[in-house]
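Letter by letter, the chains look like this.
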Amino acid sequence: MFPRAIKQSGRLMPAVALCLLALTPMAWSHAVVTESSLTSEPVKPNHATKVVLFFNSGVELALSRVFLVSKGDVFHPVHIAKGKKAGEMLVDIPPLEPGDYALKYKVFAADGHFTENVIRFRVDNP
Ligand SMILES: [Cu+2]
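This report concerns the structure included in the present document. (Residues numbered from 1 in each chain as written. Predicted model: local features only at pLDDT ≥ 70, side-chain atom pairs only at ≥ 80, totals over all residues. Heavy atoms only, no water.)

1. Considerations on the coordination of the copper ion
For the copper ion, the protein coordination sphere consists of His30 (ND1), Asp111 (OD) and His113 (ND1), at 2.3 to 2.5 Å. For the copper ion, the single-chain donor residues occur in sequence as H-x80-D-x1-H. With His30 in the loop between helix H2 (14-22) and strand S1 (33-36) and Asp111 in the loop between strand S7 (99-109) and strand S8 (114-123), the pair connects residues that are 81 residues apart, well separated along the chain. (Donors = N, O, S within 2.8 Å, 3.2 Å for Na, K, Ca; no water. Helix = DSSP H or I, 4+ residues; strand = E, 2+ residues; numbered from the N terminus.)

2. Some remarks on unusual backbone geometry
Phi is positive for Asn46, which is not a glycine, with a value near 60 degrees. Residue position: Asn46 is located in the loop between helix H3 (37-40) and strand S2 (49-55).

3. Digging into the sheet that holds S7
Taken in spatial order, the four strands of this open sheet run S4-S3-S7-S8, and their pairing is antiparallel. Looking at which strands have only one partner, the edges of the open sheet turn out to be strand S4 (74-77) and S8. The mean angle between the axes of side-by-side strands here comes to 25 degrees, regardless of whether they run parallel or antiparallel. One ladder, built from seven bridges, connects strand S3 (residues 59-70) with S7; its direction is antiparallel. When the sheet's bridge partners are listed, Leu68 is paired in S7 with Leu103. (Pairing = 2+ DSSP bridges. Axes fitted to C-alpha atoms, helices over the stretch in contact; angles between N-to-C directions.)

4. Re the nonpolar core
The nonpolar side chains of soluble globular proteins are, as a tendency, buried together. Counting 24 residues, the largest nonpolar core has Phe55, Met89, Val91, Leu103 and Phe121 as its most contacted members. Of all the elements in the fold, those that place two or more residues in this core are S2, S3, strand S6 (88-93), S7 and S8. Here this core gets five residues from one element, more than from any other, and that element is S7. Apart from residues lying up to four places away in sequence, Phe55 is in contact with Ala31, Val32, Val33, Thr34, Gly87, Met89, Tyr105 and Val107. (Core = buried A, V, L, I, M, F, W, Y, C linked by side-chain atoms within 4.5 Å. Buried < 20%, exposed > 50% of the residue type's maximum accessible area, 1.4 Å probe, protein only. Contact = heavy atoms within 4.5 Å.)

5. Description of the environment of Phe55
Mapped onto the fold, Phe55 is located in strand S2. Its relative accessible area of 7% is what places Phe55 among the buried residues.

6. Brief notes about the environment of Ile119
Looking at the element boundaries, Ile119 is found in strand S8. Expressed as a C-alpha distance, the spacing of Ile119 and Tyr101, which sit 18 residues apart in the sequence, is 8.6 Å. Apart from the residues within four sequence positions on either side, Ile119 is in contact with Val33, Leu38, Leu53, Tyr101, Ala102, Leu103 and Tyr105.

7. Some thoughts on the pattern of salt bridges
Overall, the coordinates contain four salt bridges when judged by the stated rule. Among the ionic pairs, Arg122 bridges to Asp100, the shortest N-O distance being 2.8 Å. Here Asp100 lies in strand S7 and Arg122 lies in strand S8, a separation of 22 residues in the sequence. By relative accessible area, Arg122 is classed as partly exposed at 45%. With a relative accessible area of 52%, Asp100 lands in the exposed category. (Salt bridge = Lys/Arg side-chain N within 4 Å of Asp/Glu carboxyl O.)

Below is the structure:
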């Protein structure tokens with residue numbers, strides 16, 4: 001009933017666990033970010049960057065929104081596009097000064113559920 005990958009990983013993320021608890025068994029494909037390119041390739045200052053978000057399920061781009069949040073909780077809408085595989089989303093990040101930022105996303109998953117979450121990241125001086 002549940003995806004094998006999640007069962008075998010042995011570390012259920014809290015958001016996944018919540019989805020499993022709160023919803024019917026059908027809801028396992030609730031879109032959760034499992035990985036992002038921010039981990040392996042931090043955003044360099046003053047360079048436009050394409051960040052890849054990897055979701056555990058297909059995502060309906062037309063119904064999904066991503067915002068770049070900067071100091072003072074200022075929200076900037078950013079352009080998103082399909083990645084190479086299902087569940088991959090490309091996010092266009094404009095050139096940024098060093099500092100603390102976040103990506104706030106609200107995505108519509110293949111199972112018909114909206115998921116909202118925040119990914120924080122830092123832009124450091126080289
Ligand atoms: Cu769900």
